[in-house]
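Single-letter residue listing:
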Amino acid sequence: MSDEIPPDPGSPRARFGAEMRRLREAAQLSQAAVGRRLGCTQTQVSRLESAARTPSKSDAERLDILFGSDGSTYFTDLREHIVAHHGGPVWFMSWAQEVEPFALVLRSWDPLLIPGLLQTEAYARAIFKNAPRITPEELEERVKARMWRKKILEGDNPPLFLVLIDESVLRRNVGGPEVMREQLTYLLEVAQQPSVSVQLVDRLCLSGMVGPFMIAKLPDNQPDAVHAGSAMEGQVSADPSVVTSIWNRYEAIRGWAYPDHMSLKMIEEARQEWT
């Protein structure tokens, strides 16, 4: 899609795709034929070769078996470089690059912070700079990735974004009063978009205290996908039992949500407190 980050021709992901295409054509194999060997579709193979899709571990391992010789791990090693250059958690890559940009509807819950898609640069920077042992280079990479991720809300056909946020988030000091005031001002602005709904959730709601999550409704009758965060490592899944569990929790949380107009009034009141 037009709002994706154009791949750097010299990036590990672009090299992965170029070498995959070269070896496939040398072997006189179609994309569909390679897809059958990888256990994916022709479209997914095309996206790998054009660097529009991040290869999975199994993609890389199967390509090494298909095109390698003498135990070559070229694709597996190159995938490790792709992961290292992503600027975010490895588990989140498939969500940010292969699910979120194509969703028709995104439903989000966050009990601790403004959700990433609605964060200002200053707010995101304040969060990332407090990550344990983060380097200045890693900080800049993560902030840049977070800002690029927001592009999906700015296109001609953005997803419907339904946001639930614990009301206590409005008064959690992230970066100081100036950062918080800017963040809440932006939240009020983006909530005016017809594709965005922001609802605050009563702080007495305990159903969502297990952590943040998102639910994606995908096109072409694909099953819903979810991602759920945790202190150690998050999870991305389309497993029906996992998706159902997250959906049930979402509905339980939504029952504690204030209406949109009341939520916006509460955000404005909190914004005025950050002086």
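One numbering rule holds for all chains: residues counted from 1, following each sequence as written. Since the coordinates come from a predicted model, pLDDT governs what is reported: local features require at least 70, and pairs of side-chain atoms require 80 or more to be given and counted, while whole-chain, interface and lining totals use all residues. Excluded from the side-chain calculation are hydrogens and water; included are all heavy atoms of the structure.

**As for the pattern of salt bridges**
The cut-off we apply is this: Think of a salt bridge as a Lys or Arg side-chain nitrogen and an Asp or Glu carboxyl oxygen that are within 4 Å of each other. Under the scheme used here, helices are H or I runs from DSSP no shorter than 4 residues and strands are E runs no shorter than 2 residues, and both carry numbers assigned from the N terminus. For the exposure calls, accessible area comes from a 1.4 Å probe over protein chains only, and a residue counts as buried if that area is under 20% of its type's maximum, exposed if over 50%, partly exposed in between.
Applying the stated criterion across every chain yields a total of twelve salt bridges. For E100, the salt bridge identified is with R149, shortest N-O distance 2.7 Å. Placement of E100 in the loop between α6 (93-99) and β1 (105-110) and of R149 in helix α8 (residues 136-149) is noted, with a sequence separation of 49 residues between them. Among the residues examined, E100 registers a relative accessible area of 1% and is labelled buried. One salt bridge in this structure joins E167 and R203, with 3.4 Å as the shortest N-O distance. Residue E167 is located in the loop between β2 (160-166) and α9 (177-190), and its partner R203 is located in the loop between β3 (196-201) and β4 (213-217); the two are separated by 36 residues in the primary sequence. A residue is classified by how much of its surface remains accessible, and R203, at 46% relative accessible area, is partly exposed. Connected via shared salt-bridge partners are R21, R24, E25 and E49.

**Some details on helix α10 (residues 240-254)**
Using the following cut-off: Here the expected length of a helix is defined as 1.5 Å per residue gap, with one fewer gap than residues. Arc definition: directions from the helix axis to the C-beta atoms.
With 15 residues, α10 should cover 21 Å at 1.5 Å per step; its first-to-last C-alpha distance of 21 Å lies within 8% of that length. When α10 is considered as a whole, its buried residues turn out to be V243, I246, Y250 and I253. Viewed along the axis of α10, the buried residues span an arc of 85°, placing them on a single side of the element. For α10, the exposed residues set more than 90 degrees away from the buried face come down to P240, S241 and N248.

**Here we look at unusual backbone geometry**
Backbone geometry places R133, a non-glycine residue, at a positive phi of 60°. For R133, the location among the structural elements is in the loop between α7 (121-128) and α8. Take R133: its relative accessible area is 83%, and that puts it in the exposed class. With a phi close to 60°, D220 is a non-glycine residue in the positive phi region. Residue position: D220 is located in the loop between β4 and β5 (225-228).

**Focus: the sheet that holds β2**
The condition is simple: In this analysis, strands are considered paired if DSSP registers two or more bridges between them. To obtain an axis, a line is fitted to C-alpha atoms, over the contacting stretch when the element is a helix, and the angle between two such axes runs from 0 to 180 degrees between their N-to-C directions.
Strand order in the open sheet formed by six strands is β3-β2-β1-β4-β5-β6, and the pairing between neighbours is mixed. Because the sheet does not close on itself, it has two edges, and the strands there are β3 and β6 (235-237). Adjacent strand axes in the sheet meet at a mean angle of 10°, parallel and antiparallel pairs treated alike. Both β1 and β2 contribute to a ladder of six bridges, which runs parallel. Counted as the bridge partner of V105 is L160 from β2.

**Considerations on the packing of helix α2 (residues 31-38) against helix α4 (residues 57-67)**
Stated formally: An angle counts as roughly parallel when it lies under 35 degrees, as roughly antiparallel when it exceeds 145, as roughly perpendicular when it falls between 65 and 115, and as oblique in every other case. Crossing handedness: left-handed means the near helix sits turned counterclockwise from the far one by under a right angle, and right-handed means the same turn made clockwise. Only heavy atoms matter for contacts: two residues are in contact if any of them lie within 4.5 Å across the pair.
Packing of α2 against α4 brings their axes to within 10 Å, and their N-to-C directions diverge by 115°. When the axis of α2 is compared with that of α4, the two are roughly perpendicular. Between α2 and α4 lies a crossing whose hand is right-handed. Residue-level inspection shows V34, R37 and L38 of α2 in contact with α4, the latter providing D59, R62, L63, L66 and F67.

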